[in-house]
Amino acid sequence: MDAPPDEERRGWRLNRFLSALPTGAKLFLILSAALLPLALIALFAAQQTTRLADTETRSELRVAAAESAHALGIELIGDMTALRVALEALDADPADAPSCARVQGVFAEQLASGARFSISDRRGRVLCGTTRLPPIPITAPPPGGALAVSIAPQAGLALAITAPSGRLRATATFPATALAQIARPTGFVPPYAALIVHANMRLPLEAMTDLGPLDRTETIGVPVGVDGLLFEMSTRSAPISSPMIVAMLLPLLMWAAAAGIGWFVVDRLLIRPLRDLRIRVATYVPGQEIDSAEARQSPAQEIRELGETFRAISRTVASHEAGLAEGLVRQTALTREVHHRVKNNLQVISSLINFHSRGAASAEASAAYASIQRRVDALAVVHRNHFAEIDQGRGLSLRSVIGNLASNIRATAPEGSGLSIALDLDSYLATQDVATAVAFLLTELIELAMRVQSDAAIRLSLKPGDAGGKAVVRISSPALVDSDRLHAELGEGYGRVVEGLSRQLRSKLHHDPLVGAFEIPVNITDRD
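Residues numbered from 1 in each chain as written. Predicted model: local features only at pLDDT ≥ 70, side-chain atom pairs only at ≥ 80, totals over all residues. Heavy atoms only, no water.

**Student:** Would you take a moment to explain the sheet that holds strand β15 (residues 510-512) for this structure?
**Tutor:** The strands that make up a sheet pair up through hydrogen bonds in the backbone, lying either parallel or antiparallel. Taken in spatial order, the 5 strands line up as β11-β13-β14-β16-β15 in an open sheet, and their pairing is mixed. Among the strands making up the open sheet, the edge pair consists of β11 (420-425) and β15. Going from strand to strand, the sheet's axes swing by 15° on average, the running direction of each strand aside. The sheet contact formed by β15 and strand β16 (residues 517-523) spans 3 bridges and is antiparallel. Its bridge partner lying in β16, H510 is registered against E519. Packing of helix α10 (residues 398-412) onto the sheet brings it into contact with β11, β13 (457-464) and β16, and relative to β11 it is tilted by some 175°. (Pairing = 2+ DSSP bridges. Helix = DSSP H or I, 4+ residues; strand = E, 2+ residues; numbered from the N terminus. Axes fitted to C-alpha atoms, helices over the stretch in contact; angles between N-to-C directions. Contact = heavy atoms within 4.5 Å.)

**Student:** Explain the pairing of strand β14 (residues 470-476) to me, please; I cannot follow it from the model alone.
**Tutor:** Sheet faces and side chains relate simply in a regular strand, where the side chains alternate between the two faces. Bridge analysis of β13 against β14 gives 6 bridges, and the strand direction is antiparallel. Note that in β14 the partner of S461 across the bridge is R474. Hairpin connection, β13 to β14: the antiparallel pair is bridged by 5 residues, and G469 has positive phi, about 75°. In this structure, β14 lies alongside β16, joined through 7 bridges in antiparallel fashion. Residue I475 lies in a different strand from β16, and its bridge partner there is F518.

**Student:** Please explain the packing of aromatic side chains as it appears in this structure.
**Tutor:** Here a ring pair, both rings aromatic, is described through the centre-centre distance and the interplanar angle of the planes. Using the criterion set out here, one finds 2 aromatic pairs in the structure. Ring centres of F107 and F174 lie 6.3 Å apart, and the angle between their planes is 25°; this geometry places the pair in the stacked category. Of this pair, F107 sits in the loop between α3 (97-106) and α4 (108-112) while F174 is found in strand β5 (residues 168-174), placing the two residues 67 residues apart along the sequence. You can call F107 buried: its relative accessible area is 0%. Since its relative accessible area comes to 0%, F174 is described here as buried. (Phe/Tyr/Trp six-rings, centres within 6.5 Å; stacked < 30°, edge-to-face > 60°. Buried < 20%, exposed > 50% of the residue type's maximum accessible area, 1.4 Å probe, protein only.)

**Student:** Just to check I follow, could you spell out the pattern of salt bridges for this structure?
**Tutor:** Opposite charge on two side chains makes pairing possible when the charged atoms of those side chains draw close. If you walk through the whole model with that rule in mind, you get 11 salt bridges. When salt bridges that share partners are traced, they join D424, D426, R459 and K463 into one network. (Salt bridge = Lys/Arg side-chain N within 4 Å of Asp/Glu carboxyl O.)

**Student:** Please clarify how the confidence of the model for the protein chain should be interpreted in this entry.
**Tutor:** Parts of the prediction with low pLDDT should not have their coordinates interpreted in detail. Across the protein chain, pLDDT averages 78, with 78% of residues at or above 70. The element-level mean pLDDT for the protein chain is lowest in helix α1 (residues 5-20), coming to 61, with β16 highest at 91. (pLDDT = per-residue confidence, 0-100.)

**Student:** Help me understand a nonpolar patch on the surface, please; the structure alone is not making it clear to me.
**Tutor:** A cluster of nonpolar side chains, contributed by I261, W263, F264 and V265, occupies part of the molecular surface with about 360 Å² of accessible area. Position of W263 among the secondary structure elements: in helix α6 (residues 242-282). For W263, a relative accessible area of 33% puts it in the partly exposed group. (Patch = residues over 30% accessible without salt bridge, like charges linked within 9 Å, V, L, I, M, F, W, Y side chains within 5 Å. Areas by Shrake-Rupley, 256 points an atom, 1.4 Å probe, with all protein chains shown as cover.)

**Student:** Help me out: how do you make sense of the state of the cysteines in this one?
**Tutor:** Disulfide: a covalent bond formed between the sulfur atoms of two cysteine residues. One pass over the structure, following the stated rule, counts 1 disulfide. Across the disulfide from C100 sits C128; the S-S distance is 1.8 Å. Taking the sign of the S-S torsion, about 90° here, the bridge from C100 to C128 comes out right-handed. Here the residue C100 occupies a position in helix α3, and C128 occupies one in strand β2 (residues 126-129), the gap between them amounting to 28 residues. In this structure C128 comes out as buried when scored by relative accessible area, which is 2%. (Disulfide = S-S within 2.5 Å.)

**Student:** Please clarify how the packing of helix α11 (residues 432-452) against helix α12 (residues 484-504) should be interpreted in this entry.
**Tutor:** A pair of packed helices is characterised by two quantities: the angle between their axes and the separation of those axes. Where α11 contacts α12, the axes come no closer than 10 Å and their chain directions differ by 175°. Comparing the axis directions of α11 and α12 gives the class roughly antiparallel. Contacts from D433, A437, F440, L441, E444, L445, E447, L448, R451 and V452 of α11 reach α12 at R485, L486, E489, L490, E492, Y494, V497, V498, L501 and Q504. Residues belonging to the contact of α11 with α12 are distributed by class as follows: 12 nonpolar, 1 polar and 7 charged. (Parallel < 35°, antiparallel > 145°, perpendicular 65-115°, else oblique. Nonpolar A, V, L, I, M, F, W, Y, C, P; charged D, E, K, R; others polar.)

**Student:** What is the right way to look at unusual backbone geometry in this model?
**Tutor:** The phi torsion of most residues other than glycine is negative, and most of the peptide bonds are trans. We note that A199 has phi near 60°; this positive angle belongs to a residue other than glycine. Position of A199 among the secondary structure elements: in the loop between β6 (192-198) and β7 (201-206). Given the relative accessible area of 66%, A199 is considered exposed.

**Student:** What am I meant to see in the sheet that holds β6 here?
**Tutor:** Spatial ordering of the open sheet is given by β7-β6-β9-β8, a layout of 4 strands whose pairing is antiparallel. A strand with exactly one partner marks an edge of an open sheet, and here the two such strands are β7 and β8 (217-223). Along the sheet, successive strands turn relative to each other by an average axial angle of 20°, direction set aside. Both β6 and β7 contribute to a ladder of 5 bridges, which runs antiparallel. What sits directly across from V197, in β7, is R202. On top of the sheet, helix α5 (residues 176-183) reaches β6, β7 and β9 (230-236); it is set at about 65° to β7, its chief contact.

In structure tokens, the structure reads:
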């Protein structure tokens, strides 16, 4: 199935983006994409090791916290149960001294560690226990209700109960040191922090010191079982130490280092020498020798061989260029010689025609010889100008060709004919073929004007054309105005010759019969 247009467009954009990147950037991206999974796997393995250590620490902490919460629950529930029994006995008989003695015996060990209890009536008279308790504010619960709990961070934990009759109240206080001693787990070596939480009140029992910004802790909360009391215990988990940071970052550093080293090596061994070699090849001038010194110093053997190959190619090209230049010089000399001989031969022919015209038996024969001589002179003018311009190779100057042609025609005109030729020529360059056709065309038209009117006044002009790369050759004369004589001469042969020359110029010859003008656009190469 064909891909959807959107996918094709995205694929085209991706290919265009990748093709626009330098080779070094492409290499870096490819190495990064290839090595990134390995770095992620190593990073995941390091994280798994850390998670396993954290799981083990959390398991040990959960066991220790459960043991401490259980010990606190047993102690507090036992103490408050004994206190409740004594409270109910004294509520029934305020003089029941044995019950007071039994609860004092239960609290004997806690009393040594700072715990206190008191059973008093509504007026505050103490019936059993300590008369002065630590300053822990606590509200007495309703008669026969549950325990009342209060925490003072500096004083400790206070528990209170009220007798079913509501006449007596019992309060027990436990300092943080005593509770910390009770809650200390057995066999738990690492330092830990412990506290008792009730609602938004917290009583610290143990504290961990020297916690740094990179230290991590694990915390477990276990219910004590006494009116919503919660025992929280915290300990250090695997710290974010420098070895751990190195273990976490090392895969990423190795990934970046591998991609960077790969890019650096390929850039130095391949890309940079190729870039320098490309610059030298791009700035290479035919005839010179490519300097591959930097390529020869490249560590890559293939680059050195490529540089030597370019150097050998440049030597071959320079040798061929020298041969071509020498051949061009010889060819130019031969061409000059050919044109020189053609020019000389045309001059000899012109001289022979002139010599025979002097011995002609009639005026018609002399005129025929003169007509032939003018055509030979037209061709000679083109060869003479081409011989003069052959070294420059710009083309022939139409202004010079037409000017020399007009001078030759005036010189070969019959004596007393009264022929006049006026020139209005701009400077343009054309090829030899165009110049030859223009010279013959003008010769034929001037000859036509002279046949119609021997004393014709002729004007020749060369001006810019309407289209680029064109110039307009124009010949005007009263002798070329539409007339029977003009039609007769055109019908005798001039018309076919002129039409053939216009086809050779690949343009249409326009005739204005009212003004007496012929004009034709011709191709030019440049301005002179």
